[in-house]
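# Structural characterization, general
Chain residues, written in single-letter form:
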Amino acid sequence: MKPRPAPCLVLAVYPTARGFGWACFDGPFTLFESGLHSVSKDKNAACLRKIEGLLERLKPETLVLEAFDKGSSLRSGRIRRLSLSIVTLAADQGLELAVFTKADVQAAFAGVGARTRHEIALAIGRHLPGLAYRTPKDRKNGDSEDKRLSIFNAAALVLTHYHFGSLGLLEALRDAA
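Residues numbered from 1 in each chain as written. Predicted model: local features only at pLDDT ≥ 70, side-chain atom pairs only at ≥ 80, totals over all residues. Heavy atoms only, no water.

### What to know about the pairing of strand E3 (residues 31-38)
In plain terms, the rule: One bridge is not enough; two strands pair if DSSP finds at least two bridges between them. Numbering of helices and strands runs from the N terminus, with a helix taken as a DSSP run of H or I at least four residues long and a strand as a DSSP run of E at least two residues long.
Sheet topology note: the strand E2 (residues 19-25)/E3 ladder contains seven bridges and is antiparallel. When the bridges of E3 are listed, Gly 21 appears paired with Leu 36.

Written as structure tokens, this is what we have:
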């Protein structure tokens, strides 16, 4: 019997003011693992150490991030610096890197009628039993964002990666015909 090949993992990291959420898939709609890391001191260095540990343990082929440049994002300067450090870490480890804007994520989920981050989280929770129990409640006026939403933001990035990757494959097949 042949040994089973290692899965081709895609990992997304979604930095927040409190740490980061992450989701790792081994295929479209096949959640491999996910989690949330909170940090309090020296946030960027602590996040980078935890992300490096994830990369070493999971050994993904691809790392996915949300766009963080000033032109396409309202992310804070600290989050932009952290994201740049994550890009450098990915490059040093020879990982494929994919970066999507919030508009890309919204476009990927438009077909299921989900536009806001909360609507996208609900759609993901309906289709991924491993995340359903973590689906955040809807925010009321004045409530801070549920920290679990960062896991769903990361999952949305991976699913966006698969969405646009499959469109590119279909276009390549059409062009080759």
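From this point, the discussion proceeds with the structure in view.
### What about the nonpolar core?
Inclusion rule: The set of buried Ala, Val, Leu, Ile, Met, Phe, Trp, Tyr and Cys residues whose side-chain atoms join them within 4.5 Å is what this entry labels a nonpolar core. Only protein chains enter the calculation, and the probe is 1.4 Å; a residue is then buried if its accessible area is under 20% of its type maximum, exposed if over 50%, and partly exposed in between. In what follows, a contact means two residues having at least one pair of non-hydrogen atoms within 4.5 Å.
Counting 28 residues, the largest nonpolar core has Phe 25, Val 64, Phe 109, Ile 120, Ile 124, Leu 131 and Leu 157 as its most contacted members. Mapped by element, the contributors of at least two residues to this core are strand E1 (10-15), E2, strand E5 (96-100), helix H3 (102-109), helix H4 (117-127) and helix H6 (149-176). The contact partners of Leu 157, leaving out residues within four places of it in the chain, are Ala 12, Val 13, Tyr 14, Val 64, Leu 65, Glu 66, Phe 100 and Val 105. Core analysis: the next-biggest nonpolar cluster, separate from the first, contains 21 residues, Ile 51, Leu 55, Leu 58 and Leu 89 among them.

### Some points on the pattern of salt bridges
Spelled out, the test is: By salt bridge we mean one thing: a side-chain nitrogen of Lys or Arg within 4 Å of a carboxyl oxygen of Asp or Glu.
A complete count under the given rule lists two salt bridges for this structure. Put simply, Glu 33 and Arg 57 hold a salt bridge, and the shortest N to O gap is 2.8 Å. Of the two residues, Glu 33 sits in strand E3 while Arg 57 sits in helix H1 (residues 43-58), which places them 24 residues apart along the sequence. Since its relative accessible area comes to 27%, Glu 33 is described here as partly exposed. Linking Arg 117 and Glu 66 is a salt bridge whose minimum nitrogen-to-oxygen distance equals 2.9 Å. Note that Arg 117 is positioned in helix H4 and Glu 66 in strand E4 (residues 62-66), a separation of 51 residues in sequence. The exposure class of Glu 66 is buried, given its relative accessible area of 8%.

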